[in-house]
Amino acid sequence: MDTYKLTAFESNGEKLIDESFQAGNDDEAKEIGARMLEEKNLSDKTHRCTSPRGKLILFRP
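In the annotation of an unreviewed UniProt entry, the chain is listed under the name YhzD-like protein and assigned to Mesobacillus subterraneus.

The structure is reproduced here in structure tokens:
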């Protein structure tokens, strides 16, 4: 399992969420990250999810 980082922001740069979570691979991390954003009603906000290797898994500008 790898540790992935999920961050979401307001348009003014304020962090709304900054959480780490475990996933077995990038596809699983993408699903988990999207679900976390949806549960917190942050899907429409600027967000990113990165892998431990620095790969961008989810991104919305």
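We are not done yet, so read on.
Asks: Please explain the environment of asparagine 25 as it appears in this structure.
Replies: Mapped onto the secondary structure, asparagine 25 falls in the loop between strand 2 (15-23) and helix 1 (26-39). For asparagine 25, a relative accessible area of 40% gives the class partly exposed. Along the primary structure asparagine 25 and threonine 50 are separated by 25 residues, whereas in three dimensions their C-alpha atoms are 12 Å apart. Within the structure, asparagine 25 has its side chain in polar contact with the backbone nitrogen of glutamate 28 (distance 2.8 Å).

Asks: Would you mind showing me how to read the sheet that holds strand 4 (residues 56-60) here?
Replies: Hydrogen bonds between backbone groups are what pair the strands of a sheet, and the pairing can be parallel or antiparallel. With antiparallel pairing, four strands are arranged side by side in an open sheet as 2-1-3-4. Each of the sheet's edge strands pairs with one partner strand only, and the pair in question is strand 2 and strand 4. Strand-to-strand twist of the sheet, defined as the mean angle between neighbouring strand axes without regard to direction, takes the value 10 degrees. With five bridges joining them, strand 1 (residues 2-9) and strand 3 (residues 46-50) adopt antiparallel strand pairing. Bridging from a neighbouring strand, threonine 7 pairs with arginine 48 of strand 3. In this fold helix 1 packs onto strand 1, strand 2, strand 3 and strand 4, with an angle of close to 145 degrees to the strand it touches most, strand 2.

Asks: Hey, could you run me through the pairing of strand 4 in this one?
Replies: When a strand is regular, its side chains alternate between the sheet's two faces. The sheet contact formed by strand 3 and strand 4 spans four bridges and is antiparallel. Counterpart to arginine 48 in the pairing with strand 4 is phenylalanine 59.

Asks: How should I be thinking about the environment of lysine 5 in this particular structure?
Replies: Tracing the backbone through its elements, the reader meets lysine 5 in strand 1. Residues in contact with lysine 5, not counting those within four places in the same chain, are Asp18, Glu19, Ser20, Arg48, Cys49 and Thr50. Looking at lysine 5, its side chain comes within polar contact range of the side chain of aspartate 18, at 3.2 Å.

Definitions and limits used
- Residues numbered from 1 in each chain as written.
- Predicted model: local features only at pLDDT ≥ 70, side-chain atom pairs only at ≥ 80, totals over all residues.
- Heavy atoms only, no water.
- Helix = DSSP H or I, 4+ residues; strand = E, 2+ residues; numbered from the N terminus.
- Buried < 20%, exposed > 50% of the residue type's maximum accessible area, 1.4 Å probe, protein only.
- Polar contact = N/O pair within 3.5 Å; in protein donor to acceptor, adjacent residues only side chain to side chain.
- Pairing = 2+ DSSP bridges.
- Axes fitted to C-alpha atoms, helices over the stretch in contact; angles between N-to-C directions.
- Contact = heavy atoms within 4.5 Å.

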